[in-house]
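Descriptive analysis of the structure
Spelled out from the first residue to the last, the chains are:
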Amino acid sequence: MSQPRLAPGIAVVGTGTVGAMTLWRLAARGVPATGFDTYAPGHDRGAAGGESRIFRTAYKEGAEYVPLLQAARGLWHELEEAAGARLLHLVGGATVGPADHPTVRAVLDCAERYDLPVELLTGAEARRRVPEHPLGDGEVLVLDPDAGFLTPEPAVQAAAAAAERAGATIRRYERVLDVEPDGDGVTIRTDRATDRFDAVVLAPGPWARTLLGDLPVQPRTITSTWFTRHDPSLFDAKRCPIAVRVGPHAFSCFPAVDGRGVKVNPHGEFPPVDAPEALPRSAAPELVDRLRTAVSAVLPGLVPDPIRIATYCDGFTPDGHGLLGPLPGLGGRVHVATGFSGHGFKLAPVFGDAAADLVLTGSTPRPVDHLSPARPL
Ligand SMILES: Cc1cc2nc3c(=O)[nH]c(=O)nc-3n(C[C@H](O)[C@H](O)[C@H](O)COP(=O)(O)OP(=O)(O)OC[C@H]3O[C@@H](n4cnc5c(N)ncnc54)[C@H](O)[C@@H]3O)c2cc1C
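In every chain, residue numbers begin from 1 and rise along the written sequence. Whole-chain, interface and lining totals are the exception, using all residues; otherwise, since this is a predicted model, local features are given only for residues with pLDDT of at least 70 and side-chain atom pairs are given and counted only at 80 or more. Based on all heavy atoms of the structure, the side-chain values leave hydrogens and waters out of the count.

Thoughts on helix H1 (residues 17–28)
Put simply, DSSP H or I for four residues or longer makes a helix, DSSP E for two residues or longer makes a strand, and each gets a number counted from the N terminus. Expected helix span is taken as 1.5 Å per residue step, with the number of steps being one fewer than the number of residues. With 12 residues, H1 ought to run about 16 Å at 1.5 Å a step, and its terminal C-alpha atoms sit 17 Å apart, in line with that. The element H1 is largely enclosed, with a buried count of 11 among its 12 residues. Throughout, exposure labels follow a simple rule: accessible area from a 1.4 Å probe, protein chains only, divided by the maximum for the residue type, with under 20% read as buried, over 50% as exposed, and the rest as partly exposed. What H1 keeps buried is the set Thr 17, Val 18, Gly 19, Ala 20, Met 21, Thr 22, Leu 23, Trp 24, Arg 25, Leu 26 and Ala 27. Positive phi appears at Gly 30, one or two residues downstream of H1, with a value of about 80°.

Here is the structure:
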C-alpha cells in the first residue's frame, strides 16, 4: 500500500448535491478542502438526476424547516450570482387535493405559524389561475408564491465550479474505499491513493451504506415520467407552478422545463434497491397503469402515455429526515451529510453551509439539531 501523503484540510467524500455545496461553503471560508467523487459533479447516477427539483417554503414535511428553507433561498441566489446563471425558478407551488387532507392541513398550518403569504384557491378562481390542475369536488389549491423549481445538474456543477474557483480541489473519478480516523486526523484510502486530512465530511447520498455499512440509510428508487401536452400553452415553465397533488392520485408535477415534456413523479412506495447501480431502467407495468389512470383523471392537459421513464435514487432514513453532523464516538473528525429521504435538494446549500460550520467549529447557528446522527433511529 502507498504511504499516506500529507494533505491537511477537510476532505469531502461525494461531490453530488450536498457534498458540492459543502465544498463550496468550506472554500468560501478560505479553508483548504478536497472533494472526491466516483463520477463527476452534475452526473445523474444518484440523487441529482432528472432536470428539475421542487423548491417550497410552506413545508408539509415539518414547519421546523421553514427558517432553513428561507436561508437556502438566499444561498441559492448567491450561487446563481457566482455562476452567472439562473438555477431557482420561483414560478410558485400548488398543493392540490381534498380540503381536509392532512398534507393540505400541514401546509396551511405551517403557513399560519410562520406568517407565509400562501393563498387558498377554490372553484373558478383556481381554474383561472392554475388551469393545468383542475379541482374535483371538495378539493382546494394552496398556492405558495415562495416556491418553484431548481435545475439540479447545473446547480451541482455550479457549486463545484464555485468551490474550485475559491481554491478547493475536486478529484473526479476517484472512489473512496475507506476512511479511518485517529487522534490526529483522518486517513482516506481511494482506488488511486491514500491521503491524510484533519477531518472529513461524508456526503455519499444513496451510497451511504456502501461506504459505511451500518448507517441507517436505505437506497430507494424514485421514478420520474414525462408526458406531452395537448395544448403547448399549458405547463409553460415561465409561469406554471409546480404542483404536489394529494388524495387518490398522488404525485408531483413540474412545468415543461425543457420546453417539451411535463414531468410527473408518482408518490407512494419508493422500492428499496441494494445500490444506485442496481436501479431498474424502467417502471413496473403496474406503475405505468397507475400513472395513466391518474393523468387521465386529473391532468386533462396531458396525453396520458408517458414518453420517457427514468429511475433515480435517494438514501432514506427510518424517520425521513437527513443525517447531518459528527458521527458519535469518532472524536469529531468524521461528519456525515446524507439520508435526505427524497426532499433534500432544495435545502442543499444550507445543509452544506451547516456541515461546513459543524466540521470546522463543532457547532452551527443553523437550526439542524433534529438532523443529528446521534438521535435514536
Ligand atoms: C427523482 C428524485 C426526485 C426528487 N425530487 C426532489 C424535489 O423535488 N425537491 C427536493 O428538495 N428534493 C428532491 N429529491 C431529493 C434530493 O434530490 C436528494 O435528497 C439530494 O439530491 C441528495 O443529495 P446527496 O448529496 O445526499 O446525494 P447525491 O447527489 O447522489 O450525491 C452523492 C455523491 O456521492 C458520490 N459518492 C458516493 N460514494 C462515494 C465514494 N465511496 N467515493 C466517492 N464518491 C462517492 C456519488 O457519486 C454522488 O456524486 C429527489 C430525489 C430524487 C432521486
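Alright, that's what it looks like, and here's the rest.
Focus on the UniProt feature "domain: FAD dependent oxidoreductase" (unreviewed entry) in the chain
UniProt positions are given in the numbering used here, feature names are shortened, and annotations may be inferred rather than shown by experiment. The UniProt entry lists residues 10–358 under the feature "domain: FAD dependent oxidoreductase" (unreviewed entry), expressed in the numbering used here. The span residues 10–358 shows a helical share of 27% and a strand share of 27%, and its end C-alpha atoms are spaced 12 Å apart.

Here we look at the layout of surface pockets
In this analysis the probe radius is 1.4 Å and the grid spacing 1 Å, with only protein atoms considered; a cavity is a set of points the probe fits into but cannot get out of, a pocket is an open set with protein on both sides within 12 Å along at least five of seven lines, and lining residues have an atom within 4 Å of a point. Grid points are joined across faces, edges and corners, and a volume is the space filled by probe spheres set on the points. There is about 290 Å³ of room inside the second largest pocket. What lines the second largest pocket is Tyr 39, Asp 44, Arg 45, Pro 276, Glu 277, Leu 279, Pro 280, Arg 281, Ile 309, Ala 310, Thr 311 and Tyr 312. Grouping the constituent residues of the lining of the second largest pocket by class yields 7 nonpolar, 1 polar and 4 charged. Basically, the charged four are Asp, Glu, Lys and Arg, the nonpolar ten are Ala, Val, Leu, Ile, Met, Phe, Trp, Tyr, Cys and Pro, and anything else, Gly included, counts as polar.

Considering the nonpolar core
Generally speaking, nonpolar side chains in soluble globular proteins are found buried as a group. Within the largest apolar cluster, 51 residues are counted, with the highest numbers of intra-cluster contacts made by Leu 26, Tyr 65, Trp 76, Leu 79, Leu 324, Leu 347 and Phe 351. When contributions to this core are tallied by element, the ones reaching two or more residues are strand E2 (10–13), H1, helix H2 (66–83), helix H5 (152–165), strand E14 (199–202) and helix H8 (348–361). Looking at this core, the element that brings in the most residues is H8, giving 8 residues. Apart from the residues lying within four places of it in its own chain, the contact partners of Leu 26 are Ile 10, Val 12, Val 31, Ala 33, Ala 356, Val 359 and Leu 360. Here, the term nonpolar core denotes a set of buried Ala, Val, Leu, Ile, Met, Phe, Trp, Tyr and Cys residues that are joined through side-chain atoms within 4.5 Å. Note on contacts: a residue pair is in contact if any heavy atoms of the two residues lie within 4.5 Å.

Some points on the domain arrangement of the chain
One can read the domain layout of the chain as domain 1 (5–48 + 152–215 + 319–371) and domain 2 (88–149 + 218–316). Domain ranges listed in this record stem from an automatic or a database domain assignment. One C-alpha centre belongs to domain 1, the other to domain 2, and the line joining them spans 30 Å. Taken together, the contact pairs 14 residues of domain 1 with 11 residues of domain 2. Once two parts are put together, the accessible area they lose, assessed with a 1.4 Å probe and summed over both, is termed the buried area. Note on domain 1 versus domain 2: buried area summed over both sides is about 1000 Å², and carbon and sulfur give 50% of it. Looking at the side of domain 1 facing domain 2, the largest losses of area belong to Pro 206, Arg 209 and Ser 341, adding up to 42% of the total buried there. Every case where a carboxyl oxygen of Asp or Glu lies within 4 Å of a side-chain nitrogen of Lys or Arg is listed as a salt bridge. Taken together, the connections running from domain 1 to domain 2 amount to 0 salt bridges. Each polar contact in these results corresponds to two N or O atoms within 3.5 Å; when the atoms are within protein, one needs to be able to donate a hydrogen and the other to accept it, and residues that are neighboring in sequence are counted only if both atoms are side-chain atoms. Counting across the domain 1 and domain 2 interface gives 8 residue pairs in polar contact (both at pLDDT 80 or more). Taken together, the residues of the side of domain 1 that touches domain 2 break down into 5 nonpolar, 6 polar and 3 charged.

Section: empty space enclosed by the protein
It is a probe the size of a water molecule, rolled over the atoms, that shows where empty space is left. For the coordinates displayed, the defined rule picks out 2 cavities of 30 Å³ or more. Lining the largest cavity, in full, are Gly 50, Glu 51, Ser 52, Trp 226, Phe 254, Pro 255, Val 257, Asp 258, Gly 261 and Lys 263. Residue classes in the lining of the largest cavity are distributed as 4 nonpolar, 3 polar and 3 charged. As for the second largest cavity, its lining consists of Arg 56, Ala 58, Gly 93, Ala 94, Thr 95, Val 107, Val 142 and Asp 144. Looking at the lining of the second largest cavity, the elements that each hand over two or more residues are strand E6 (93–98) and strand E8 (139–144). Among the elements that take part in the lining of the second largest cavity, E6 stands out by supplying 3 residues, more than any other.

Let's talk about the sheet that holds strand E5 (residues 88–89)
Taken in spatial order, the 3 strands make up an open sheet running E4-E9-E5, and their pairing is antiparallel. The open sheet terminates on both sides in strands that have one partner only, identified here as strand E4 (53–55) and E5. The sheet contact formed by E5 and strand E9 (residues 148–150) spans 2 bridges and is antiparallel. Following the sheet pairing, Leu 88 is matched in E9 by Leu 150. Whether two strands pair comes down to DSSP finding at least two bridges between them.

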